[in-house]
Amino acid sequence: MKLQFLGAAQTVTGSAHLLTAGGKRLLVDFGMFQGKDAEREHELPCAAGEIDFVVSTHAHIDHTGHLPLLVRGGYHGEIFSTEATAKLAGILLADSAHIQKMDTEWENRKRLRKGLPPVEPLYTAEEAQRAAAMFHPIEYGEKLTLSPEFTIRLVDAGHILGSAIVEVWATEGGTTSKVVFSGDLGNLNQPILKDPQFVREADVLLIESTYGNRVHPEAGDVKAQLTEVIRDTFARGGKVVIPAFAVGRTQELLYYLRELYHAGTFKKFERCPVFLDSPLAIEATQIFNESDSDDYYDREARAAIARGEEILEFPQLKLSVTADDSRSINAYEGSCIIISASGMCDAGRIRHHLKYTLWDERNTVLLVGFQAEGTLGRRLLGGEKQVRLLGDEVAVKAQIESIDGLSAHADRNGLLRWVKGFTQKPQKVFVIHGEPEAALDFVKTLQDDLGLDAVAPKIGESADLLARTASLTAAATHPQVESVTLVQLIAQLQALQSSGAALSPEQLSQLAGAVHAAMSVAKR
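Note that this is a predicted model, so its numbers are computed, not measured.

1. Here's the deal with the sheet that holds strand β11 (residues 204-208)
Then, number 1: The seven strands are arranged β7-β8-β9-β10-β11-β20-β21 in an open sheet whose pairing can be described as mixed. For this open sheet the edge positions go to β7 (144-145) and β21 (454-455), each flanked by a neighbour on one side alone.
Then, number 2: Sheet topology note: the β11/strand β20 (residues 428-432) ladder contains five bridges and is parallel. Across the sheet, V204 pairs through a bridge with K428, a residue of β20.
Then, number 3: Contacts between helix α13 (residues 412-419) and the sheet are confined to β9 (164-172), β10 (175-181) and β11, with β11 contributing the most and set at about 160° to the helix.
Then, number 4: The sheet strands contacting helix α14 (residues 436-450) are β11, β20 and β21, and the helix crosses β20 at an angle near 155°.

Shown next, in the form of structure tokens:
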């Protein structure tokens, strides 16, 4: 019984973990790398068509964004998730394909001027649609047997709408081991969603560590911090620009802003508009509104809905759908709040708004979520005084503020609280989904405070789950055959033939997937 860490290991993106039992393979997540790892792709130890099952913990692109590549490579099974995750993944994957198309067109214009050949987008809208159609929704708490080797159950993770902890009962040679994937665990007492639910037993635990070495401010402080930043900026005659993930963070902000405006918090500024400039966030908000509140919402949100309140709508909210709508915001002369994606400032309409606001000291850029290493958001948080946006150098004179309490991730204390909920202590713990410092610090916390056998794997390492300890094995190195265009593939094969290098059985399997992918690109 083998567990392979293909992504989100001592990094926070590219989540992908492959569990093998009795000759069957189950993949949990297949997400896109972001930030400093944005150009990275997963190295599967087998052809995509040899994976039997896929489970998606939630819809965020760093957990789903490479699923179209898996489908292109030959995966033909179902992708199991909650209903909300299936719906959100559909719009997020479509948006991801659109961003790649636009970025590729921009890049190819530059390459054309330099006499360089064009490049292809990572995947197309059609491929994203194919992947989205393969989602198979299941309910929280439903125990589903996929094969004699694997049974799964989803538990509410409280991270974003539909997010799940995945329980897997894996059987090999008459031995069953329960493997629990935490997914991304939600912050405690965040608005709208329930807190992460406890799991009581596990033999093996994979737990995230995004904030494994940090503690968030108390939830009550979030509204106070938000109020202070908005009041101060409005008093200067400035704009508050909030980069926010379209799913989760945007809806939390709308929930808080609705309460603040309704309570008359911004005296003299009651009419200052809140522009939601993200077609994706608008679609996601509609999915929130249409979802079964009993399945996903906490007691306070359900009570507000029962009173007939619209928890994500208020008079000052203005929706921006078209490109003309978006451009008109930059021409708005008064104080306002602008919420736009992406949350780490590396793509989307937020970059246009930053270009028009960063240079003005009256304005504030408010960062309300995790900023991965290498992203523009992280650089702004780090104090850079000049950044390049849409081809221009822009001075950073606006105030740069952050609110950690709005994080959708549990902090160190929240993670510990959840781990302490196990009545059967896991025999092995693998700390994932955290930058090295956070992951390694949380490993030490689990070892020192709870006496757990914990390690932080690196990408490419694997573990024998039937071994006595949580030991790791490095990935074997073989000649690399990537998923590339047909011309590039032929060139690589010729180079391999010239070098006399031998391909391993795993590499031959990868080659089959590469050929399939290259043929797909050639057909386009």
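There is more to say, and it comes next.
2. Examining the environment of C272
Then, number 1: Looking at the element boundaries, C272 is found in the loop between α6 (249-262) and β13 (274-277).
Then, number 2: C-alpha separation for the pair C272 and L317, spaced 45 residues apart in sequence, amounts to 9.4 Å.
Then, number 3: In this view, C272 contacts F234, Y261, Q316 and S335; residues no more than four positions away in its chain are not counted.

3. With respect to the nonpolar core
Then, number 1: L70, I337 and I339 are the most contacted members of the largest nonpolar core, which totals 77 residues.
Then, number 2: Here this core takes eight residues from helix α3 (residues 83-113), the largest share from any one element.
Then, number 3: Sequence-distant contacts of I339, defined by excluding residues within four places in its chain, comprise I242, A244, T250, L253, L254, L257, V274, F275, L276 and D277.
Then, number 4: In this structure, L26, L154, F430 and L465 belong to the second largest nonpolar core, which totals 29 residues.

4. Comments concerning unusual backbone geometry
Then, number 1: That bond from A341 to S342 is cis: its omega, 10°, falls within 30 degrees of zero.
Then, number 2: Within the secondary structure, S342 sits in the loop between β15 (337-340) and α11 (350-357).
Then, number 3: A positive phi angle is found at C345, which is not glycine, with a value near 70°.
Then, number 4: Its place among the elements puts C345 in the loop between β15 and α11.
Then, number 5: C345 gets classed as buried once you look at its relative accessible area, which sits at 0%.

5. A few points about the pairing of β11
Looking along a regular strand, one sees side chains alternate from face to face of the sheet.
Then, number 1: The element β11 is largely enclosed, with a buried count of five among its five residues.
Then, number 2: Burial along β11 is two-sided: V204, L206 and E208 facing one way and L205 and I207 facing the other are all buried.
Then, number 3: Where β10 lies against β11, three bridges are found, and the strand directions are parallel. Counted as the bridge partner of V179 is V204 from β11.

6. What to know about the sheet that holds strand β2 (residues 16-21)
Then, number 1: Reading across the sheet, the seven strands line up as β6-β5-β4-β3-β2-β1-β22 and stay open at both edges, with mixed pairing between neighbours. Unpaired on one side and paired on the other, β6 (135-137) and β22 (462-464) mark the two borders of the sheet. Going from strand to strand, the sheet's axes swing by 25° on average, the running direction of each strand aside.
Then, number 2: Relative to the sheet, α3 contacts β5 (79-81) and β6, its axis offset from that of β6 by approximately 155°.

7. As for the environment of E310
Then, number 1: Counting through the fold element by element, E310 comes out in the loop between α9 (299-306) and β14 (317-320).
Then, number 2: The spatial distance from the C-alpha of E310 to the C-alpha of N289 is 8.7 Å, given a sequence separation of 21 residues.

8. Section: the environment of T364
Then, number 1: Position of T364 relative to the elements: it lies in strand β16 (residues 364-367).
Then, number 2: Look at T364 and you get buried, because its relative accessible area is 2%.
Then, number 3: In the structure, T364 is positioned 32 residues away from Y332 in sequence and 16 Å away in space, judged by C-alpha atoms.
Then, number 4: Beyond its immediate stretch of four places on either side in the chain, T364 contacts V229, T233, R236, K239, V240, V241, A398, Q399 and E401.
Then, number 5: Among the polar contacts listed, one links the side chain of T364 to the side chain of T233, at a separation of 2.7 Å.

About the thresholds
Residues numbered from 1 in each chain as written. Predicted model: local features only at pLDDT ≥ 70, side-chain atom pairs only at ≥ 80, totals over all residues. Heavy atoms only, no water. Pairing = 2+ DSSP bridges. Helix = DSSP H or I, 4+ residues; strand = E, 2+ residues; numbered from the N terminus. Contact = heavy atoms within 4.5 Å. Axes fitted to C-alpha atoms, helices over the stretch in contact; angles between N-to-C directions. Core = buried A, V, L, I, M, F, W, Y, C linked by side-chain atoms within 4.5 Å. Buried < 20%, exposed > 50% of the residue type's maximum accessible area, 1.4 Å probe, protein only. Polar contact = N/O pair within 3.5 Å; in protein donor to acceptor, adjacent residues only side chain to side chain.

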